[in-house]
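Chain residues, written in single-letter form:
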Amino acid sequence: MAPEAGPAAPQADARPSRRARLLRTAAALVLIAATCFAVGGSLRGAGTEMAEAAGRPGGVLLLIAALLANAAGLVLSMLSWRVLVVDGGSTARTSDTARIFFIGVISKFVPGRIWGVLAHIQLGKAVGIAPERMIAAFGLGLVIGMTTGAAAGLLVAPAVFGAGAWVFAPLVLLAAAAVARPGWVGRLVAWTMRLARRPDGAAEGSPRALRLSIGWACASWAVSGLHLWAIVVLLGAPPLLSLPVCVGGFALATVAGSLAFVLPDGWGARELVLLAPLGAVMPLSAATAAVIASRLVCVLSEVAATGAALAWARAAGPLPTPRPALQEGAA
């Protein structure tokens, strides 16, 4: 006969407190307001250029292709980041990690990168991912994204510097060495976490995960840059000559915008850096229109991808409740 089970231990109330609910609501309202401001500002700045571009032959198809290209690049970037999150053994669903990533994407519309980190930590807790893992994945993803973006930016060298582009060959070799020996990325982030007095064990990513993340990041830059290429071709730039300039220029400009973290989504800094390479393949007036249109395409595709990720996570339903273990001696 099985022994009788003792009185059940009282379970703590898992519902968030009123203060936590108010803070969550306030954060959501701020994020929605910042997103609306970003979309509205982009529409005001690029509405005329986009309307004129859409009226050209094949304009609507090329603009749709630009939106899809940047959205696909964002998905690849999410996969690059997710590899780092699950490297510690997390079993978080892809739909849940996609939700966390894309909410972090639109949090960049609020000035200051700290909001993206906080969003990752809080949303990660809800799916059972430790804060240290989320911080480490954020740091590793940031270093990998900026390093691979800077390497992709070397594609603009032949168009901008001509025969003198060979001086950048050592940087290409350095990027290749980073892929061959990716351990320095984890060591750099671990050192940074020690300076911030945070546990650094989670920053020790496995070489396989780091290489996969680097590969997804490189694919993300290659695909997302195609949105700018579709725009500049629509505005009259030569297709073959402008392809590497668009891919490399967009990557380089995005890295520059990330460094200007006090600006919402790097507004101004990204456009200024992007004008230089585009000016080498098209008139400055057309390059300016392309840069403004690129901003609108990026904002719209980011918002659309975030909405799709939220809908996917909602359709997946809540996390499955783990089955309680059988008590020892139960019949």
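Thresholds applied
- Residues numbered from 1 in each chain as written.
- Predicted model: local features only at pLDDT ≥ 70, side-chain atom pairs only at ≥ 80, totals over all residues.
- Heavy atoms only, no water.
- Helix = DSSP H or I, 4+ residues; strand = E, 2+ residues; numbered from the N terminus.
- Contact = heavy atoms within 4.5 Å.
- Expected span 1.5 Å × (residues − 1).
- Bend = angle between axes of the 7 residues up to and from the residue.
- Buried < 20%, exposed > 50% of the residue type's maximum accessible area, 1.4 Å probe, protein only.
- Axes fitted to C-alpha atoms, helices over the stretch in contact; angles between N-to-C directions.
- Parallel < 35°, antiparallel > 145°, perpendicular 65-115°, else oblique.
- Left-handed = near helix turned anticlockwise from the far one by under 90°.
- Nonpolar A, V, L, I, M, F, W, Y, C, P; charged D, E, K, R; others polar.
- Core = buried A, V, L, I, M, F, W, Y, C linked by side-chain atoms within 4.5 Å.
- Phe/Tyr/Trp six-rings, centres within 6.5 Å; stacked < 30°, edge-to-face > 60°.
- Salt bridge = Lys/Arg side-chain N within 4 Å of Asp/Glu carboxyl O.
- pLDDT = per-residue confidence, 0-100.
- Patch = residues over 30% accessible without salt bridge, like charges linked within 9 Å, V, L, I, M, F, W, Y side chains within 5 Å.
- Areas by Shrake-Rupley, 256 points an atom, 1.4 Å probe, with all protein chains shown as cover.

Our focus in this paragraph is the overall build of the chain. Tallying secondary structure elements over the chain gives 12 helices and zero strands in all. Reading the chain from its N terminus to its C terminus gives the helix and strand order α-α-α-α-α-α-α-α-α-α-α-α. Expressed as a percentage of contacts within the chain between residues at least 6 apart in sequence, the contacts between residues at least 24 apart total 76%.

Helix length check: helix H9 (residues 207-234), at 28 residues, gives a terminal C-alpha distance of 41 Å against a target of 40 Å (1.5 Å per residue), a fit within 8%. Considering bend angle alone, the principal kink of H9 is centred on His227 and spans about 25 degrees. The first or second residue beyond H9 is Gly236, which carries a positive phi of 105 degrees.

Here Leu296 lies in helix H12 (residues 284-316). Separated by 229 residues in sequence, Leu296 and Leu67 place their C-alpha atoms 9.5 Å apart.

Turning our attention to the environment of Ser242. The residue Ser242 is located in helix H10 (residues 239-259) in this model. Judged by relative accessible area, Ser242 falls into the buried class, the value being 0%. Placed 13 residues apart in sequence, Ser242 and Trp229 show a C-alpha to C-alpha distance of 6.8 Å. Ser242 has contacts with Trp229, Val232, Val233, Ala237 and Val281, leaving out every residue within four places of it along the chain.

Two quantities define a packed helix pair, namely the angle between the helix axes and the distance between the axes. Their axes nearest at 9 Å, the elements helix H11 (residues 269-278) and H12 cross at an angle of 135 degrees. Judged by the inter-axis angle, H11 sits oblique to H12. Seen from above, H11 lies across H12 with right-handed handedness. Where H11 approaches H12, its residues Arg270, Glu271, Leu274, Leu275 and Leu278 are matched on the opposing element by Leu284, Ala287, Thr288, Ala290, Val291, Ser294, Arg295 and Cys298. For the contact of H11 with H12, the residue count by class is eight nonpolar, two polar and three charged.

To continue, consider the nonpolar core. As a rule of thumb, nonpolar side chains are buried together in soluble globular proteins. Ranked by internal contacts, the top residues of the largest apolar core, which has 25 residues, are Trp81 and Phe102. It is helix H3 (residues 94-106) that provides the largest number of residues to this core, a total of six residues. Not counting residues within four places of it along the chain, the set of residues in contact with Phe102 comprises Leu74, Val75, Met78, Ala305, Thr306 and Ala309. Membership of the second largest hydrophobic core comes to 23 residues, among which are Ala230, Val232, Leu235 and Val291.

Okay, the packing of aromatic side chains next. What the rule picks out here adds up to two aromatic pairs. Their ring planes at 40 degrees and their centres at 5.7 Å tell us that Trp81 and Phe101 sit as a pair that is tilted. Note that Trp81 is positioned in helix H2 (residues 59-86) and Phe101 in helix H3, a separation of 20 residues in sequence. Across the pair, exposure class does not vary: Trp81 and Phe101 are buried alike. Taking 5.1 Å as the distance between ring centres and 90 degrees as the angle between the ring planes, the aromatic pair formed by Phe101 and Phe102 counts as edge-to-face. Here the aromatic residues Trp81, Phe101 and Phe102 are joined through ring pairs into a cluster of three or more.

Further remarks concern the side chain of Thr97. Within the secondary structure layout, Thr97 lies in helix H3. Once you skip the residues sitting within four places of it in the chain, Thr97 turns out to touch Trp81, Arg82 and Ala92.

Quick look at the pattern of salt bridges now. Summed over the entire model, instances satisfying the criterion amount to two salt bridges. Measuring nitrogen to oxygen at the nearest pair gives 2.8 Å for the salt bridge that ties Arg93 to Asp96. In this structure Arg93 comes out as partly exposed when scored by relative accessible area, which is 23%. A residue is classified by how much of its surface remains accessible, and Asp96, at 8% relative accessible area, is buried.

What follows concerns the confidence of the model for the chain. Summing up the model confidence of the chain, the mean pLDDT is 75 and the portion of residues at 70 or higher is 60%. Every residue in residues 322-331 is under pLDDT 50, and counting partners more than four places away or in other chains gives five contacts.

The subject of this paragraph is a nonpolar patch on the surface. On the surface, Val60, Leu61, Ile64 and Leu68 cluster together to form a nonpolar patch covering roughly 410 Å² of accessible area. As for its position among the elements, Ile64 is in helix H2. Note on Ile64: relative accessible area 41%, which makes it partly exposed.

Moving on, we come to the packing of H9 against H12. Contact geometry of H9 with H12 gives a least axis separation of 10 Å together with a crossing angle of 135 degrees. The angle between H9 and H12 places the two elements in the oblique class. Regarding H9 and H12, the two cross each other, and that crossing is right-handed. Across the interface between the two elements, His227, Leu228, Ile231 and Val232 of H9 pack against Ala290, Ala293, Ser294, Val297 and Cys298 of H12. Grouping the amino acids of the contact of H9 with H12 by side-chain chemistry returns seven nonpolar, two polar and no charged.

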